[in-house]
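Residue-level structural notes
Next come the chains, spelled out residue by residue.
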Amino acid sequence: MTVPLRAILVASLSFASAFSASAASKRIVSVLLIPMDQNRSPESTARAGRNFEKLLQSSKDWYGNQLGKTFDFEAPQIIDSKLTLSAWITRSENAGPGKPASLRYDYLRGVQKELHRLGYDDPNVIYVVSVYAGEGEVAESLSQGAARAGNAVALPPRATTLGCDQTLLMVNKKCQDSFYAVNHELGHAFGLEHTCKKYPTDPNCEHSPMQAEKDPIKMKFLEAEKLSLQTNKWLKPLTNLGASDQAAAPVSHH
């Protein structure tokens, strides 16, 4: 049977398109939500974006040191939220200890709703999101809300308030808490479970970021966790990282 040339070309193009989609680069996109009633001056949002970027860079470096491979990430997308600052603060506080279980994931649900509104649903992207709550002691105290579901990772408002570079991580407990949160939730996004539940007989399980360790010096993946991450589709060898993880000016959307 003779197959028309047009049919061959169409089939070839369809296969190439499918292959291209399946091989699409996996990446991390950071999203900074600005409450609708919050000051949105260029200086404050740029500073919050840089703070968020420093935290992700610290996490990226830590993963690279642990595994010899790590993730790409893009500069923050700065988005106007449809919720007020007080609404986000309430959602964050509802994730704290002693709150009803039904409210625990209010913050994450708010993040997911904003991502859906924006059409951020690319399966090749993990969206790491935080809310800008301003600066000072009130904003720095907003440490609750870290969670993950699907391809959305929610980080507490504190993640955009402190510039948690490698130096500050060594001495600032609030930075260590944010550092633990991003490492832990990204670990879940990469397929890891809580360490002491997965490996209950390992005496070092408490020192994994997938359990409870917040000290960046003591924090270490178990060898079994490292092994499972070596074939993870979101992580690349350090020598293969592209330009997408380089620092760039924050992107703003209204």
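Residues numbered from 1 in each chain as written. Predicted model: local features only at pLDDT ≥ 70, side-chain atom pairs only at ≥ 80, totals over all residues. Heavy atoms only, no water.

1. Overview of helix α4 (residues 106-118)
The end-to-end C-alpha distance of α4 is 19 Å, a good match for the 18 Å that 13 residues give at a rise of 1.5 Å each. If you check which residues of α4 are buried, you get Asp 106, Tyr 107, Leu 108, Gly 110, Val 111, Glu 114 and Leu 115. Contacts made by the buried residues of α4 are with β1 (27-34), α3 (85-93), β4 (125-131), β5 (147-149) and β6 (152-154). Gly 119 sits one or two residues past α4 and shows a positive phi near 75 degrees. (Helix = DSSP H or I, 4+ residues; strand = E, 2+ residues; numbered from the N terminus. Expected span 1.5 Å × (residues − 1). Buried < 20%, exposed > 50% of the residue type's maximum accessible area, 1.4 Å probe, protein only. Contact = heavy atoms within 4.5 Å.)

2. Examining the pairing of strand β3 (residues 73-80)
Burial analysis of β3 places 6 of its 8 residues in the buried class, which makes it a mostly covered element. Here β1 runs beside β3; their pairing, made up of 6 bridges, is parallel. Counted as the bridge partner of Leu 33 is Ile 79 from β3. (Pairing = 2+ DSSP bridges.)

3. Quick notes on the confidence of the model for the chain
Averaged over all residues, the pLDDT of the chain is 84; the fraction at 70 or higher stands at 85%. Scored below 50 in pLDDT, residues 1-23 shows 2 contacts in the model against residues more than four places distant or in partner chains. (pLDDT = per-residue confidence, 0-100.)

4. Re the pattern of salt bridges
Going through the model one piece at a time under the given rule, you end up with 10 salt bridges. Notably, a salt bridge pairs Asp 72 with Lys 236, separated by 2.9 Å at the nearest N-O pair. Of this pair, Asp 72 sits in the loop between β2 (69-70) and β3 while Lys 236 sits in strand β7 (residues 236-237); the two residues are 164 residues apart in sequence, bridging distant segments of the chain. In this structure Asp 72 comes out as buried when scored by relative accessible area, which is 1%. Assessed through its relative accessible area of 21%, Lys 236 is described here as partly exposed. A salt bridge links Glu 223 to Lys 226; the nearest nitrogen and oxygen atoms lie 3.4 Å apart. (Salt bridge = Lys/Arg side-chain N within 4 Å of Asp/Glu carboxyl O.)

5. A look at the pairing of β1
Counting buried positions along β1 gives 7 out of 8 residues, so the element sits mostly inside the fold. The pairing of β1 with β4 spans 7 bridges and is parallel. Looking at β4, one finds that Ser 30 is bridged to Val 128.

6. Considering the environment of Trp 88
Mapped onto the elements of the fold, Trp 88 is located in helix α3. Taking the C-alpha atoms as reference points, Trp 88 and Tyr 132, separated by 44 residues in sequence, lie 9.4 Å from one another. Once you skip the residues sitting within four places of it in the chain, Trp 88 turns out to touch Leu 33, Pro 35, Ser 81, Leu 83, Tyr 107, Gly 110, Val 111, Glu 114 and Val 131.

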